[in-house]
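Descriptive structure summary
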Amino acid sequence: MSTAAFHVAGLLEKMTSSDKDFRFMATSDLMTELQKDSIQLDEDSEQKVVKMLLRLLEDKNGEVQNLAVRCLGPLVGKVKECQVETIVDALCANMRSDKEQLRDIASIGLKTVLSELPPAATGSGLATNVCRKITGQLTSAIAQQEDVAVQLEALDILSDMLSRLGAPLGSFHASLLHCLLPQLSSPRLAVRKRVVVALGHLAATCSADLFAELADHLLERLPGPCVPASPAALRTLVQCVGSVGRQAGHRLGLHLDRLVPLLEEFCGLEDDELRESCLQACEAFLRKCPKEMGPHVPRVTSLCLQYLKHDPNYNYNSDEDEEQMETEDSESSEQEVEDEYSDDDDMSWKVRRAAAKCLAALLGSRPDLLPDLYCSLAPALVRRFREREDNVKADVFAAYIVLLRQMRPPQGWLNTTEESMLADSSLRALQEQVPLVIKALQQQLKDRSARARQGCFNLLAELSGVLPGSLAKHMPVLVSGIVFSLADCSSSSTIRMDTLAFLQGLLSTEPPEAFQPHLPVLLPPVMACVADPFYKIAAEALLVLQELVRALWPLGKPRVLDPAPYVVKMSEATLARLHATDLDQEVKERAISFVGYLVGHLGDQLGDILQPTLLLLLDHLRNEITRLPAVKALTLVAMSPLQLDLQPILAEVLPILASFLRKNQRALRLATLAVLDALAQSQGHSLPPPAVRTVLAELPALVSESDMHVAQLAVDFLATMTPVQPACMAEVSGPVLVQLLRLLRSPLLPASVLVAAEGFLQTLVGSRPPCMAYTELLSLLTAPVYNQPRDGGPGLHKQVFHSLARCVAALSAACPQEAASTANLLVGDARSPNSSTGVKVLAFLSLAEVGQVAGPGPQRELKAVLLEALGSPSEDVRAAASYALGRVGAGNLPDFLPFLLAQIEAEPRRQYLLLQALREALGAAPPDGLKPYAEDIWALLFQHCEGTEEGTRGVVAECIGKLVLVNPPFLLPRLQKQLSAGQPHTRSTVITAVKFLITDQPHPIDPLLKTFIGNFMESLRDPDLSVRRATLAFFNSAVHNKPSLVRDLLDTILPLLYQETKVRRDLIREVEMGPFKHTVDDGLDMRKAAFECMYSLLESCLGQLDVSQFLSHVEDGLKDHYDVRMLTFIMLARLATLCPAPVLQRVDRLIEPLRATCTAKVKAGSVKQEFEKQDELKRSAMRVVAALLTIPEAGRSPIMADFEAQIRSNPELSALFESIQKDPASMLGTEPMELS
């Protein structure tokens, strides 16, 4: 016998003791043992433990009974299935006991066992078997009418079981439905309520036929408006409809046309409980079936507005309205006598709350109707801010906040013009309503209820976010409310934290002038909060002080408000917190941060306090816990334009900072480099040289490929230090350059690091005296290329040559007197027959940059060298020469451009390279310099639009795009005319050229382009396949980079786009390849391009899409070619995240193509790539399933549950699915993907 079994046997013996304390302690010890993961029971011990616990369930002592029933939970996972079934049988038998206490214990036991059963989705059949065993007994218990208590317990257990394990009970759903439906007529209210809950859970998991039966039953039982019905029965049926709507509303779409009119009629009956249920059902329908509810929105809106103010027990329109709200209790007691209507019986507040929630659901689910809804809903909601019930008021505030969130302008420059115009009318109306909102909230801001004030602050915070600056005129009212809440120590700390958070947000959205008159009133309560013993309040208050200093006394601007009366008080309050030894870490960090802001913004006002404050920062710099916030605070001080005297601490600070550069904490290293750079900029000449050397000695190790961001900051700091401490820099320049040159040879070098390296190299040769000679540094830079063997080829990565060329150009720019000689040297290297390929590539790339500053001498010689290089056998040399020709030409257009155009005409074999050179020239040259040549270039480019090489046409298109940017008002209309005049290749080239007009940054051409874009999009109707494909690529670029260009045209474009997603049989052909026939689908690329456009639309234009129609085409794509399926899998997973309600409505139809993908088999003789494709498809399909299961109700669909069980039963699919669920990064759809 094992130790655990022996110990358990001893406990079982004690459980038989006549002493209840012995039994209790033994059961408690058993509970502890069962909760251990390591315990293993043999079969005999299992039987004994189960038998003993079942016996203790009937113990005379209640505490022992309770403990025994709690033991059942951990026991379920430790014993075999047969023992679990024994437990369940015993509990079901006890459920029918005559003893009430035993029935209660058995009911609790069954719920405990069910809660501990492993879900069916894990592959375990235990839950299913146990539930099937219980279900029959529960059904008989519910059907019997003798004992209501048994019925209630059985219904509770059934609801629990259906909510957790509904799908595996599919075979019992019909019997359960037929058992539950008659109970809707039970005379007992408690029974009816529990049946309503159980039917809701059943509706989510039952088959479509059973759901239709349930819906028909409810609709048949619901009487028409003229048919009298029992109020209780009617309430139960409507509550059942609401319950089904909340749990399975996505399945009710087909029945809404019959249901909603009935609910509207029932609202007219004088029954507040019934009205509440009707409005709750409408709320569920709006959330689950927003599209199907479209025709009913006007009537539902009218109902909500009507019942939002339904308060027959209160007179809001009295002349003494304000006094009534303050003396609500006395008023209501008078009304009780007068109207014989008691507030205790008043159900009208529930109706108003349901109406407010329904409006919130309407606003949240139908943003497309916002302009229409705003006019009617916003004023009504504002009027209801005076609501007397806190619960209702909170929901009215919540509904208004939903309205504000829907009006929030889109973020980012992409939407700064057109999008703001779309929302302009609503925002203007909101701006006009702000005074009414403030007036309605004025009383509420000083309400006795903390919850009401919290709602006010949340609403005002959202309002200030939607309309920044709109609250400035109303600051007296807001400050009065803020001070009232900050001084309210009787309420919980939450209201003060919310008030401080609101004030902090307000300081960032409203102009500082609005706060200046109120600072004497506002500052004392904030200072009191800084001293509050509760750390969260103190931390929030310090953030507010920080924002106050930043907003009221900004850097680099004249001070409008004299800070003298406030500085000392703020400083003393903060330093008092910092000197405390028992300070919470969060408060300590916030206090240090505030000190940084205070000294950085107002250090010149601190006087004698400045030096002790700096020394305190130095102390915290030495402390391991506070060093990071201290470094950040010191950065603020160093960057301050006040030019504060930091000499007292510099000698000690620099060695400490140097030691931080050796730490493994990356955030600390980054912050340290930032503060060192700030100190070098502000205090560079006065930094003590010994301390500087200590810091510089740590720098070479940081210039490393292992952390590019750290390397960039380190190089930036070196560039800052070189002019101010050249002597110190000369000592470390050697080791630093070794590391920097190694970094420049990295193919992964980011542009930011390259820019930093250029700046550092320029300072090395530009300092007086220079830290290093120009020629020496140039030879060091080019050594990796020049020292390579001649026949070794480039050897280095292509990107390295570009990086080195940029650095050579930077050196030439820093020493203009050396530029001509450098250019001559490079030209000599380029034309020398002894130069290796790598040397020539570097020479041409360097000339591309240096040639523009080298003067006309070398440029004349360059033409011949570059033309000769275009015929080089090395592709790398040809590409570099082409690039150099364009870049050098851009610096000397009169000499080079006519020559280049003539060469394009004369050299058809080198046309592609010469066009690439022209592209570079057009991109680098100033627009005014190009205008005289525009006509010649235009004519030349359109001569080459009909070329047979697609690559050449692509370069021509890019050249046309760059040329149009030279003079858009003149050239863009001409470009559009070419669409009707040109051949198919010309038309596709024109469309591709327009794509190059769309950049990911704002451009002056954008407004003009928007007026023409509709004409260009008409090319989707072009009969030529290549033109339509180019148009889709152009549309995708527009949607991805500047959605505002096409958003207004989507109604016209989307039908054409959806048309391109369909498989066209006339584009599928068979090609004979020897004895085999191969099917070629010429429309595949079109469909892929169309689905890529659809994915981009999801990210930027979701509000303009009819998601149901969109999903229909995604659904078709799930059965298409491999490439299309991969795209639609990504889209479907993304849709499950962005708009789960429409996805949920058709989840049953989406499962079948996923199932087909997962169960497909590759033919035995197929190539390896086919197996890899199928594996990737399966993985993507599994990701979609995982994304669908994040929608709460999706897992309860019977088809989804069946598919999930199928996955679990297949070892290969199960392992794949589990690996995807464990790795959130592999989930599709959680983050947008780049497809453009």
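Residues numbered from 1 in each chain as written. Predicted model: local features only at pLDDT ≥ 70, side-chain atom pairs only at ≥ 80, totals over all residues. Heavy atoms only, no water.

The name an unreviewed UniProt entry gives the protein is Cullin-associated NEDD8-dissociated protein 2 isoform X1, with Heterocephalus glaber as the organism. Listed under Sequence similarities (unreviewed entry) in UniProt, the entry text for the protein is "Belongs to the CAND family." (UniProt positions renumbered as here; feature names shortened; annotations may be inferred.)

**Focus on the overall build of the protein**
Each helix and strand in the protein was counted, giving 60 helices and two strands. Dimensions along the principal axes, computed over C-alpha positions, put the protein at roughly 110 × 95 × 85 Å. Contacts spanning at least 24 positions in sequence make up 73% of the contacts within the protein whose residues lie at least 6 apart. Here the protein has roughly 52700 Å² of accessible surface; of this, 52% comes from carbon and sulfur atoms. For the protein, the distance from the average position of its 120 positive side-chain charges to the average position of its 151 negative side-chain charges is 4 Å. (Helix = DSSP H or I, 4+ residues; strand = E, 2+ residues; numbered from the N terminus. Contact = heavy atoms within 4.5 Å. Areas by Shrake-Rupley, 256 points an atom, 1.4 Å probe, with all protein chains shown as cover. Lys, Arg positive; Asp, Glu negative; His and termini not counted. Charge placed at Lys NZ, Arg CZ, Asp CG, Glu CD.)

**Considering the UniProt feature "domain: TATA-binding protein interacting (TIP20)" (unreviewed entry) in the protein**
UniProt records the feature "domain: TATA-binding protein interacting (TIP20)" (unreviewed entry) at residues 1045-1207, using the numbering of this structure. End C-alpha to end C-alpha, residues 1045-1207 measures 45 Å, and it is 64% helix and 7% strand.

**Considerations on the nonpolar core**
Residues Y400, M570, F844 and L918 are the most contacted members of the largest nonpolar core, which totals 429 residues. When residues no more than four places from it in sequence are discounted, the contact partners of Y400 are A378, L381, V382, F385, L430, Q433, V437 and L459. (Core = buried A, V, L, I, M, F, W, Y, C linked by side-chain atoms within 4.5 Å. Buried < 20%, exposed > 50% of the residue type's maximum accessible area, 1.4 Å probe, protein only.)

**Side note on the side chain of R919**
Mapping R919 onto the fold places it in helix α44 (residues 911-924). When its relative accessible area of 18% is taken as the criterion, R919 is described as buried. Those residues in contact with R919 that lie beyond four places of it in its chain are V955, E958, C959 and K962.

**Digging into the pattern of salt bridges**
Pairing between side chains of opposite charge can happen when the charged atoms of each approach one another. Tallied over the full model, the rule gives 53 salt bridges. Residue R1208 pairs with E1218 through a salt bridge whose shortest N-O separation is 3.7 Å. You can see R1208 sitting in helix α59 (residues 1198-1209) and its partner E1218 sitting in helix α60 (residues 1211-1222), a full ten residues away along the chain. What makes R1208 buried here is its relative accessible area of 16%. Residue E1218 is classed as partly exposed on the basis of its relative accessible area, which comes to 32%. One network of salt bridges, in which partners are shared, links D311, R352, R384, E387 and R388. (Salt bridge = Lys/Arg side-chain N within 4 Å of Asp/Glu carboxyl O.)

**As for the environment of S836**
Relative to the elements of secondary structure, S836 occurs in the loop between α39 (819-831) and α40 (837-850). A relative accessible area of 6% means that S836 is categorised as buried. In the structure, S836 is positioned 51 residues away from V785 in sequence and 8.8 Å away in space, judged by C-alpha atoms.

**Quick word on α59**
For α59, with twelve residues, the first-to-last C-alpha span of 16 Å sits near the 16 Å given by 1.5 Å per residue. Along its buried surface, α59 packs onto α57 (1147-1159), α58 (1168-1188) and α60. (Expected span 1.5 Å × (residues − 1).)

**Notes on the pairing of strand β2 (residues 1076-1081)**
Where strand β1 (residues 1068-1073) lies against β2, six bridges are found, and the strand directions are antiparallel. Looking at the pairing, E1072 lines up with K1077 of β2. A loop of two residues connects β1 with β2, the two strands running antiparallel in sequence, and G1074 in this loop sits at a positive phi of about 65°. (Pairing = 2+ DSSP bridges.)

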